[in-house]
Amino acid sequence: MPEKTLLRVEDLKLYFRATRGVVQAVDGVYFTLNPNEAMVIIGESGCGKSSMAKALLRLLPRNVHTYSGKVFLNGTELISMSDEEYRQQIRWLKISMVPQAAMNALNPVLRVGDQVAEPMMVHHGVRKEEALVQAANMFQRVGVPVDFLTRYPFELSGGMRQRAAIAMALVTAPDLVILDEPTSALDVLTQANIMNLLKRIKKEIATSFILITHDIATSSELADRVGVMYAGQMVELSDAHRFFTAPLHPYSQKLMASVPKLRSTVEPEFITGQPPSLINPPTGCRFAARCPLRFEKCDQDPPMFQHPDGRQVKCWLYEKEARS
Ligand SMILES: Nc1ncnc2c1ncn2[C@@H]1O[C@H](COP(=O)(O)OP(=O)(O)OP(=O)(O)O)[C@@H](O)[C@H]1O
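Residues numbered from 1 in each chain as written. Predicted model: local features only at pLDDT ≥ 70, side-chain atom pairs only at ≥ 80, totals over all residues. Heavy atoms only, no water.

Under an unreviewed UniProt entry, the protein chain has the name Peptide ABC transporter ATPase and belongs to Bellilinea caldifistulae.

**Student:** In this structure, what is going on with the side chain of Glu77? I would like to understand it.
**Tutor:** With respect to the helices, strands and loops of the structure, Glu77 is situated in strand β5 (residues 76-77). Of the side chains bearing the opposite charge, Lys70 lies closest to the buried Glu77, which forms no salt bridge; the N-O distance is 5.5 Å. Only 2.9 Å separates the side chain of Glu77 from the backbone nitrogen of Ile79, close enough to count as a polar contact. One polar contact links Glu77 to Ser80, side chain to side chain, over a distance of 2.6 Å. When near neighbours in sequence (up to four residues on either side) are disregarded, Glu77 contacts Gly69, Lys70, Val71 and Phe72. (Helix = DSSP H or I, 4+ residues; strand = E, 2+ residues; numbered from the N terminus. Buried < 20%, exposed > 50% of the residue type's maximum accessible area, 1.4 Å probe, protein only. Lys, Arg positive; Asp, Glu negative; His and termini not counted. Salt bridge = Lys/Arg side-chain N within 4 Å of Asp/Glu carboxyl O. Polar contact = N/O pair within 3.5 Å; in protein donor to acceptor, adjacent residues only side chain to side chain. Contact = heavy atoms within 4.5 Å.)

**Student:** What am I meant to see in the sheet that holds strand β10 (residues 233-239) here?
**Tutor:** For sheets, the rule is that strands pair by backbone hydrogen bonds, running either parallel or antiparallel. A sheet is described by the order of its strands in space; here eight strands give the open sequence β6-β7-β8-β3-β9-β10-β12-β11, paired in mixed fashion. Two strands bound the open sheet, and with one partner strand each, they are β6 (95-98) and β11 (305-306). Here β6 runs beside strand β7 (residues 176-180); their pairing, made up of four bridges, is parallel. Across the sheet, the residue bridging to Val98 is Leu179, located in β7. Packed on one face of the sheet, helix α10 (residues 250-257) meets β3 (38-42), β9 (225-230) and β10 and runs near 105° to β9. (Pairing = 2+ DSSP bridges. Axes fitted to C-alpha atoms, helices over the stretch in contact; angles between N-to-C directions.)

**Student:** Even after reading the chapter, I still don't get the site of the ligand, so can you show me in this structure?
**Tutor:** Close contacts around the ligand come from 16 residues, with Ser45, Gly46, Ser50, Ser51 and Asn63 the closest. Residue Ser50 places a main-chain N or O atom 2.7 Å away from an oxygen atom belonging to the ligand. Contacts to the ligand include Ser51, whose side-chain N or O atom sits 2.5 Å from an oxygen atom. Notes on the ligand: free accessible area 630 Å², of which the protein chains cover 69%. When contributions to the shell around the ligand are tallied by element, the ones reaching two or more residues are β2 (21-33) and α1 (49-57). When residues of the shell around the ligand are assigned to their parent elements, the largest contribution, three residues, is made by α1. A class-by-class count of the residues in the shell around the ligand yields six nonpolar, eight polar and two charged. (Near = heavy atom within 4 Å. Areas by Shrake-Rupley, 256 points an atom, 1.4 Å probe, with all protein chains shown as cover. Nonpolar A, V, L, I, M, F, W, Y, C, P; charged D, E, K, R; others polar.)

**Student:** How do you make sense of the packing of aromatic side chains when you look at a structure like this?
**Tutor:** For any pair of aromatic rings, the description rests on two quantities: the centre-to-centre distance and the angle between the ring planes. Taken as a whole, this structure holds six aromatic pairs when the rule is applied. Grouping aromatic residues by their ring pairs yields a cluster made of Tyr230, Tyr251 and Phe287. The ring of Trp316 has Lys297 lying over it, and the distance from NZ or CZ to the ring centre is 4.4 Å. (Phe/Tyr/Trp six-rings, centres within 6.5 Å; stacked < 30°, edge-to-face > 60°. Lys NZ or Arg CZ within 6 Å of the ring centre and 35° of its normal.)

**Student:** Explain the nonpolar core here, please?
**Tutor:** Here is a general trend for soluble globular proteins: nonpolar side chains tend to be buried in one another's company. By size, the foremost hydrophobic cluster in this structure holds 60 residues, and its most contacted members are Ile42, Phe139, Ile166, Val228 and Tyr251. The element that contributes the greatest number of residues to this core is helix α6 (residues 158-170), accounting for seven residues. Those residues in contact with Ile166, other than ones at most four positions away along the chain, are Val98, Val142, Ile194, Leu197 and Leu198. Counting residues in hydrophobic clusters, the runner-up holds 37 residues, among them Leu7, Ala55, Val64 and Leu176. (Core = buried A, V, L, I, M, F, W, Y, C linked by side-chain atoms within 4.5 Å.)

**Student:** Mind showing me how you'd approach the layout of surface pockets here?
**Tutor:** Each pocket or cavity is described by its volume, and for the second largest pocket that value is around 200 Å³. Lining the second largest pocket are 16 residues, and of these Gly46, Cys47, Gly48, Lys49 and Ser50 sit closest to its centre. Among the secondary structure elements, those contributing two or more residues to the lining of the second largest pocket are β2 and α1. Residues of the lining of the second largest pocket, tallied by class, amount to six nonpolar, seven polar and three charged. (1 Å grid on protein atoms, 1.4 Å probe; cavity = no way out; pocket = protein on both sides within 12 Å on 5 of 7 lines; lining within 4 Å. Points joined across faces, edges and corners; volume = space filled by probe spheres on them.)

Right, dumping it as structure tokens:
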């Protein structure tokens, strides 16, 4: 029977070699994603979000120390594939990405239409004329004027370039699109437009999304599920509704309290202290040093507890609930 889960990530690790030691950027991450679901990954800068995206996309830098675990896409394991197999069978075809700054995704010396058409030609063996027709369709879908096909990236605004990068990620109809801070380099209005575009696309196209973002407020509108990362680990996995109403993990609660609210007189809070170093992270709960609810047990590393309502949380506070 085919697996209902689209993506199953088990004990994913990505460590880097650095001058001061080994950086445990992604340290034993587990999660699953269903078809047509949008999962938002949030967490402070440096907690390993982009590294996790790189691990899923196998876009690994040269100083990798450890790359391990299992990633199943529709039942096919990706980590054990060779780079060549991954490039031929998975990247762009099954999993595509929209990187932080679209300028980096687009080649400055090639017309954007040709670039958006290219994945179709390379991965679906489609002739250039047909690929350009599909690129034009995709441009219309993401709100880029079709006559922009013949323009170069520098002739497009930041927002239009980001839309073109989204078109490029979608043109092969992949199962999963990973967006790494897709709006971070854009002004607030353009950010909102891009988020609205993603919401619309999600309704129209049967694709799953992993959206990595700092922008908790806007991402709440797109998310079906939320994953919270802290110091290289996933500390909460939740459906979006429950998460945005009442998150479980003390870190998630602090993160939510730090989001400014338009119609509230409550001041946003800051999370005091710094996340631990990922070179020698603490052996117990990694958030303990900053946690207002810390108790003795937090000196031990908590497992990911299964909350009775289906959420998962890596915090000893939920040990009893998880058992009962
Ligand atoms: N190639 C690399 N070599 C060594 N260390 C790295 C490398 N890439 C990332 N790191 C380190 O890994 C940790 C996680 O970084 P990562 O960029 O994944 O975090 P992030 O949560 O995406 O941060 P941001 O939100 O700022 O993009 C950081 O300590 C970072 O300095």
